[in-house]
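# Observations on chain architecture
Read off the chains here:
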Amino acid sequence: MIQTISRRRFMGAAAVGLSAVANLQADPLGLPIGFQSYSVRDMLAKDFAGTLKDLADVGYKAVEMCSPPGYANAGFGSLTGMKAVEMRRIIEGAGLRCESCHYQFRELKENLDERMAFAKELGLKQMVLSTFGIPNTAAMADWERAAGELNEIGAKTRAAGLQLGFHNHNFEFREIDGVLIYDRLMSRLDAKLVRMQFQVSVISLGYQAAAFMTKYPGRFLSLHLQDWSAADNKQVAVGQGSVDWKKLFAAAKQGGVENYFVELDLAALKASYPYLHELKV
């Protein structure tokens, strides 16, 4: 039996569809707004499913996890017994998606096959090294050596269908013999094997993310979002500080950014979402 639909119902359904598209397009780069799990790790340890659901209710659509075994002593110990399929079920059940996860250097060097297997079961597309863990007294040769090791790991993750990333902190934004460590890393890391996750909070040191997006086009995988208040000398919710977000997201297109995650405490996470959701780039 052929069913008919009135013009009014058809137009109403079309409007709902267009509204959904517009709702997504309102988010910067047309990408789902995500958050990093580290900043709410204590809450996740107490109530993993509930905390994820609370942030999904705020509007967040994606979460970046931290490897439970690698971060067992940093707040993720309670999740070490959870299988990847169960973690994925809980994340997706909260209305979120998880395509990226942070890892420690040691676990990538010593347990890579196991971590890649877990990553695939979790549904990841990206494995991000959080830090080399190099002391401030290290020579540039130590940074170069670490970059070479990361390239080797990146070749293996690429063969497994996973993109390796590198996350900076403030450590990489100092000079050794007149050379910025970050620039030297960019010259030594293979652009195909290791893409960058940029920590926007280095604006506190005078470095703007947008400048690096344009300096190294196509080299960036993702962003960690924090705003900065010079007056208060602290990180603040996105939109409440000195970062030019329109300029940054415009440059992020050139940088190749595929996703981004707010990394702030719970109150700032909640305050950041409406600003990002309504930001027109």
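## Comments concerning the overall build of the chain
Scanning the chain from N- to C-terminus turns up eleven helices and twelve strands. The C-alpha atoms of the chain give 20 Å as radius of gyration, which agrees with the globular expectation for 281 residues (19 Å, within 12%). Here the C-alpha coordinates of the chain stretch approximately 75 × 45 × 35 Å along the principal axes. Buried positions account for 49% of the 281 residues belonging to the chain. A separation of at least 24 residues holds for 79% of the contacts in the chain among residues at least 6 apart in sequence. Approximately 13,400 Å² of the chain is accessible, and the part contributed by carbon and sulfur atoms is 51%.

## As for the packing of aromatic side chains
Scanning the entire structure with this criterion turns up 18 aromatic pairs. A ring pair is formed by tyrosine 182 and phenylalanine 212, whose centres lie 5.5 Å apart and whose planes are at 80°; its orientation type is edge-to-face. One end of the pair, tyrosine 182, is in helix H8 (residues 181-188); the other, phenylalanine 212, is in helix H9 (residues 209-215), and 30 residues separate them in sequence. What makes tyrosine 182 buried here is its relative accessible area of 0%. Exposure remark for phenylalanine 212: the relative accessible area of 7% places this residue in the buried category. Grouped by ring-pair contacts, the aromatic residues Phe173, Tyr182, Phe198, Tyr207, Phe212 and Phe220 constitute a single cluster. Sitting over the ring of tyrosine 38, arginine 41 keeps its end group 3.9 Å from the ring centre. Here the basic side chain of lysine 109 rests over the ring of phenylalanine 105, its NZ or CZ set 4.3 Å away from the ring centre.

## Looking at helix H3 (residues 48-58)
Taken together, the buried positions of H3 are Phe48, Gly50, Thr51, Leu52, Leu55 and Ala56. Sitting at the head of H3, aspartate 47 places a side-chain oxygen 2.8 Å from the backbone nitrogen of glycine 50. Phi turns positive one or two residues past the end of H3, at glycine 59, with a value near 135°.

## Some remarks on the state of the cysteines
Counted under the stated rule, the structure contains zero disulfides. Cysteine 101 supplies the cysteine sulfur nearest to cysteine 98, a cysteine that is in no disulfide, at a spacing of 6.2 Å.

## With respect to the environment of isoleucine 91
Mapped onto the fold, isoleucine 91 is located in helix H4 (residues 84-93). The spatial distance from the C-alpha of isoleucine 91 to the C-alpha of leucine 122 is 9.5 Å, given a sequence separation of 31 residues. Once residues lying within four places of it in the same chain are set aside, the contact partners of isoleucine 91 are Phe48, Leu52, Val63, Met65, Leu96, Arg97, Cys98 and Leu122.

So, how was this worked out
- Residues numbered from 1 in each chain as written.
- Predicted model: local features only at pLDDT ≥ 70, side-chain atom pairs only at ≥ 80, totals over all residues.
- Heavy atoms only, no water.
- Helix = DSSP H or I, 4+ residues; strand = E, 2+ residues; numbered from the N terminus.
- Rg over C-alpha atoms; globule rule 2.2 N^0.38 Å.
- Buried < 20%, exposed > 50% of the residue type's maximum accessible area, 1.4 Å probe, protein only.
- Contact = heavy atoms within 4.5 Å.
- Areas by Shrake-Rupley, 256 points an atom, 1.4 Å probe, with all protein chains shown as cover.
- Phe/Tyr/Trp six-rings, centres within 6.5 Å; stacked < 30°, edge-to-face > 60°.
- Lys NZ or Arg CZ within 6 Å of the ring centre and 35° of its normal.
- Polar contact = N/O pair within 3.5 Å; in protein donor to acceptor, adjacent residues only side chain to side chain.
- Disulfide = S-S within 2.5 Å.

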